[in-house]
Amino acid sequence: MKILICYFSGTGNTKKIVNEYKKQFESKGAEVQVYNIESGEPLEQNNFDLLGIAYPIHAFNAPSIVVNFVKKLEKQPENKHLFIIKTSGEPLALNNISSTKIKKMLRHRNFTLTNEYHYVMPYNIIFRHSDNMAYKMWDVAQRLVPAHCDEILENQKSKLGYVFMGSFLAWVFRIEYWGGRYNGKKYTVSDECIKCQKCVRCCPTHNITIKDGQFEFGDNCIMCMRCSFFCPTNAIKIGLFNNWKVNGEYNFNNYNENEEQTHKKFCKKSYQKYFEKSEEKIKKYEEKTQKINENNA
Ligand SMILES: Cc1cc2nc3c(=O)[nH]c(=O)nc-3n(C[C@H](O)[C@H](O)[C@H](O)COP(=O)(O)O)c2cc1C
């Protein structure tokens, strides 16, 4: 089976998950092509059996770069199955609405959605999760992916819950529409800047330029946060959202028992529910694989 996974990732969370999918599918004998949407490279659009689309949720929506990519996808001559992978900072059910628009567009292009999965990963805006929380999220995601890949390969459908008036709510929250256009131009660079130009090089829409030694932010910002997140001196101010800025990579591998949990109360119950449900699923999957291994022994 040939699987094509097309993804966008602003600050690396979604990319981490996609790489796990690739590893897992390949271990099951599938051929996997991973396509980075921002590369804009030509894509062979009929040379796959199964399509995956992966993205980070941006204010209950898919990022515009993903929507625009889907718009350009060709209609398939035959119906093909589709799975969607999304990552976000909290597990609220409202996040389910983010795929409403692309699902409709993909249906018109002859794709049938069979599986949709949501992974909670650390926030790259709003507030910084503790490294412990990042560790826990990543640990759970890595153990969930094999179970989800099995479901996909075994044609076991798995979809996320319906949200009443989802399309309308997604339209209301479409932050990139105005945030990117208007707030993106309000970005500034402070004196801490060391002119490494990492931001210029990494911006997925080439929206940051330097003219006469001054940084200029154009109107193509897609609010992915990559520039400010990876800035080595935390020198980029992100306009109206500056109080929500998160700077610096998470350490996903270093569990520190003594680290204080930040934002303990924020969505406490939904995080708890997410972890509990994930562990249940992982347990079922592990029991199933154990039985198969025993039968094969
Ligand atoms: C502009 C913007 C809006 C976001 N909106 C949401 C949201 O509505 N719900 C949520 O849970 N996380 C939200 N997030 C957090 C990201 O979805 C989350 O951190 C994601 O894992 C980042 O993935 P990436 O590293 O692949 O870009 C938002 C992030 C950005 C930058």
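Here the structure is a predicted model, which means the values were calculated and not measured.

**Q** Which residues make up the nonpolar core, and what are the values?
**A** By size, the foremost hydrophobic cluster in this structure holds 39 residues, and its most contacted members are Ile5, Ile17, Tyr21, Phe25, Phe83, Tyr119 and Tyr271. Sorting the residues of this core by element identifies β1 (2–7), α1 (13–27), β3 (50–56), β4 (80–88), β5 (111–120), α4 (131–153), α8 (226–230) and α9 (268–296) as the ones contributing at least two each. A total of 10 residues in this core trace back to one element, the largest contributor, which is α4. The contact partners of Phe83, leaving out residues within four places of it in the chain, are Ile3, Ile5, Tyr21, Phe25, Leu50, Leu51, Gly52, Ile53, Leu113, Asn115 and Ile152.

**Q** Pulling in residues and values, what's your account of the sheet that holds β4?
**A** Spatially, the five strands line up as an open sheet ordered β2-β1-β3-β4-β5, and their pairing is parallel. What marks the edges here is a single partner per strand, and that holds for β2 (31–36) and β5. Each strand of the sheet is rotated relative to its neighbour by a mean of 20 degrees, with strand direction disregarded. Where β1 and β3 come together, five bridges link them in parallel fashion. Following the sheet pairing, Tyr7 is matched in β3 by Ala54.

**Q** Quick rundown of the domain arrangement of the protein? Include the residues and the values.
**A** Splitting the protein by domain gives domain 1 (2–170 + 270–296) and domain 2 (176–244). Distance from the C-alpha centre of domain 1 to the C-alpha centre of domain 2: 28 Å. Taken together, the 13 residues of domain 1 in the interface contact 12 residues of domain 2. Carbon and sulfur atoms supply 58% of the area buried between domain 1 and domain 2, which totals about 1100 Å² over both sides. Three residues, Thr11, Ile125 and Ile126, lead the burial of domain 1 against domain 2; their summed loss comes to 40% of the area buried on that side. Run the count over domain 1 and domain 2 and you get one salt bridge. Taken together, domain 1 and domain 2 are joined by six residue pairs in polar contact (both at pLDDT 80 or more). Residues belonging to the side of domain 1 that touches domain 2 are distributed by class as follows: six nonpolar, six polar and one charged.

**Q** Quick one: what's the story with α9, residue by residue and with numbers?
**A** Helix length check: α9, at 29 residues, gives a terminal C-alpha distance of 42 Å against a target of 42 Å (1.5 Å per residue), a fit within 8%. Among the residues of α9, Ser270, Tyr271, Tyr274, Phe275, Ser278, Ile282 and Tyr285 are the ones counted as buried. Elements in contact with the buried residues of α9: α1, β5 and α4.

**Q** Describe the pairing of β5, listing the residues and the values that go with them.
**A** Burial analysis of β5 places nine of its 10 residues in the buried class, which makes it a mostly covered element. Of the strand pairs in this sheet, β4 and β5 are connected by nine bridges, and their pairing is parallel. Counterpart to Ile84 in the pairing with β5 is Glu116. With helix α3 (residues 100–108) bridging β4 and the parallel β5, this β-α-β connection has right-handed handedness.

**Q** How would you summarise the packing of helix α2 (residues 64–72) against α3 if you had to cite specific residues and measurements?
**A** As a packed pair, α2 and α3 sit with axes 9 Å apart at the nearest point and diverge in direction by 10 degrees. In terms of their interaxial angle, α2 and α3 are classed as roughly parallel. Across the interface between the two elements, Val67, Val70 and Lys71 of α2 pack against Lys101, Ile102, Met105 and Leu106 of α3. Per-class residue counts for the contact of α2 with α3 are five nonpolar, no polar and two charged.

Definitions and limits used
- Residues numbered from 1 in each chain as written.
- Predicted model: local features only at pLDDT ≥ 70, side-chain atom pairs only at ≥ 80, totals over all residues.
- Heavy atoms only, no water.
- Core = buried A, V, L, I, M, F, W, Y, C linked by side-chain atoms within 4.5 Å.
- Buried < 20%, exposed > 50% of the residue type's maximum accessible area, 1.4 Å probe, protein only.
- Helix = DSSP H or I, 4+ residues; strand = E, 2+ residues; numbered from the N terminus.
- Contact = heavy atoms within 4.5 Å.
- Pairing = 2+ DSSP bridges.
- Axes fitted to C-alpha atoms, helices over the stretch in contact; angles between N-to-C directions.
- Domains from an automatic or database assignment.
- Buried area = accessible area lost by both parts, 1.4 Å probe.
- Salt bridge = Lys/Arg side-chain N within 4 Å of Asp/Glu carboxyl O.
- Polar contact = N/O pair within 3.5 Å; in protein donor to acceptor, adjacent residues only side chain to side chain.
- Nonpolar A, V, L, I, M, F, W, Y, C, P; charged D, E, K, R; others polar.
- Expected span 1.5 Å × (residues − 1).
- Right-handed = clockwise from strand over helix to strand, strands pointing away.
- Parallel < 35°, antiparallel > 145°, perpendicular 65-115°, else oblique.

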